[in-house]
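Listed below are the residues making up each chain.
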Amino acid sequence: MQRRTASSFVSVAVGVFAVGVLAGCAGGGSTTGPTATSASTGAVTTAPTSASGTPSASGSAGSGSSGSSSGSGSGSGSSGSSGSSSAAGTARCATSALAVGEEPGSGGAAGSTVFHITLENTGSTTCTLQGWPGVSFVGGGTGKQIGAAATLDRSAPHPTVTLKPGQVAVAPLKVGQAGNYSTADCSPVTPDGFRVYPPGSKTSLFLEDSGHQACRATDAPLLSVQAFVPEGQATS
């Protein structure tokens, strides 16, 4: 099984400068420095890294929430559980410590295909994911959302997935064929890929994949996504 991934990274610039001057013969003095500041940017185009071990899963409850992209373009997506910690205090995985990718799924049935969206823990500490990702087509070279966001398939398991560094969680995504609708009802277009919000996050990742046809019409939905489970445990 092969998986394509793209990661997000953080570039931090910190500057601290302090000078103390005292003149005269009865000396004494002190120095102070400004508080450090930082800035960060994200990208998801680096090469994949390999997963190690097997992620664990526990629990089953999840709730829906919505998020908006912090990058360029426009659009929105719904995501799963928004809790900040779980699994005996283990923190939720930060988007900056996740790499998005895809791997083959069950293949789907007539009129649709199924593949797995993957999120790999690229950080240095164990973290958790629980719930559904927010997913939508994007295009135009700007990250603008195309058509309707994915509906959440709540019939499949939705455990809390604990990821050690290098481990992977998967969420099966069902993609309907634009040809299921008439051209007038769909207004088909080739997307650049997908916007993916990790569960509970308002920061999205970009998954490049132009191998599908999207419908511009929001009343011609094509996407349905299941919750994240440990790699190897997806039911479709």
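Placed above this text is the structure.
Described in the following lines is the structure provided in the data block.

Calculation rules
Residues numbered from 1 in each chain as written. Predicted model: local features only at pLDDT ≥ 70, side-chain atom pairs only at ≥ 80, totals over all residues. Heavy atoms only, no water. Helix = DSSP H or I, 4+ residues; strand = E, 2+ residues; numbered from the N terminus. Buried < 20%, exposed > 50% of the residue type's maximum accessible area, 1.4 Å probe, protein only. Contact = heavy atoms within 4.5 Å. Pairing = 2+ DSSP bridges. Axes fitted to C-alpha atoms, helices over the stretch in contact; angles between N-to-C directions. Phe/Tyr/Trp six-rings, centres within 6.5 Å; stacked < 30°, edge-to-face > 60°. Lys NZ or Arg CZ within 6 Å of the ring centre and 35° of its normal. Core = buried A, V, L, I, M, F, W, Y, C linked by side-chain atoms within 4.5 Å.

## A short note on the overall build of the protein
- A count of helical and extended segments in the protein gives one helix and 20 strands.
- Burial status across the protein gives 41% buried among its 236 residues.
- The contacts in the protein between residues at least 6 apart in sequence include a share of 77% that link residues at least 24 apart.

## Re unusual backbone geometry
- One non-glycine residue with positive phi stands out, namely Ser187, at about 55°.
- Tracing the backbone shows Ser187 in the loop between helix H1 (183-186) and strand S15 (188-189).
- Taking the relative accessible area as the measure of exposure, Ser187 reaches 28% and is therefore partly exposed.

## Points about the sheet that holds strand S17 (residues 205-208)
- On the basis of which strands lie adjacent, the open sheet formed by four strands has the order S11-S10-S16-S17 and antiparallel pairing. With partners counted over all chains shown, the strands left at the sheet margins are strand S11 (144-146) and S17, one partner each. For this sheet, the mean inter-axis angle between neighbouring strands, taken without regard to orientation, is 45°.
- Judged from the three bridges that link them, strand S10 (residues 134-139) and S11 form a sheet pairing that is antiparallel. Within S11, the position partnered with Gly139 by the bridge is Lys144.

## A closer look at the pairing of strand S7 (residues 98-104)
- Burial analysis of S7 places six of its seven residues in the buried class, which makes it a mostly covered element.
- Two elements, S7 and strand S8 (residues 112-121), share seven bridges in a ladder whose sense is antiparallel. In the strand pairing of S8, Leu98 is matched with Asn121.

## Re the packing of aromatic side chains
- Evaluated as defined, the whole model comprises two aromatic pairs.
- Plain terms: the ring middles of Phe115 and Phe194 are 5.8 Å apart, the flat faces sit at 55° to each other, and that makes the pair tilted. Here Phe194 lies in strand S16 (residues 193-197) and Phe115 lies in strand S8, a separation of 79 residues in the sequence.
- Of the residues examined, Phe194 reaches a relative accessible area of 0% and is grouped as buried.
- In textbook terms, an aromatic cluster arises when at least three aromatic residues are bridged by ring pairs, as seen for Phe115, Phe137 and Phe194.
- Sitting above the plane of the Trp132 ring, Arg154 keeps its charged end 4.7 Å from the centroid.

## Comments concerning the nonpolar core
- With 33 residues, the main nonpolar core has Ile117, Val135, Phe137, Leu173, Phe194 and Leu223 as its most contacted residues.
- Broken down by element, this core gets its largest block of residues, four residues, from strand S14 (residues 168-176).

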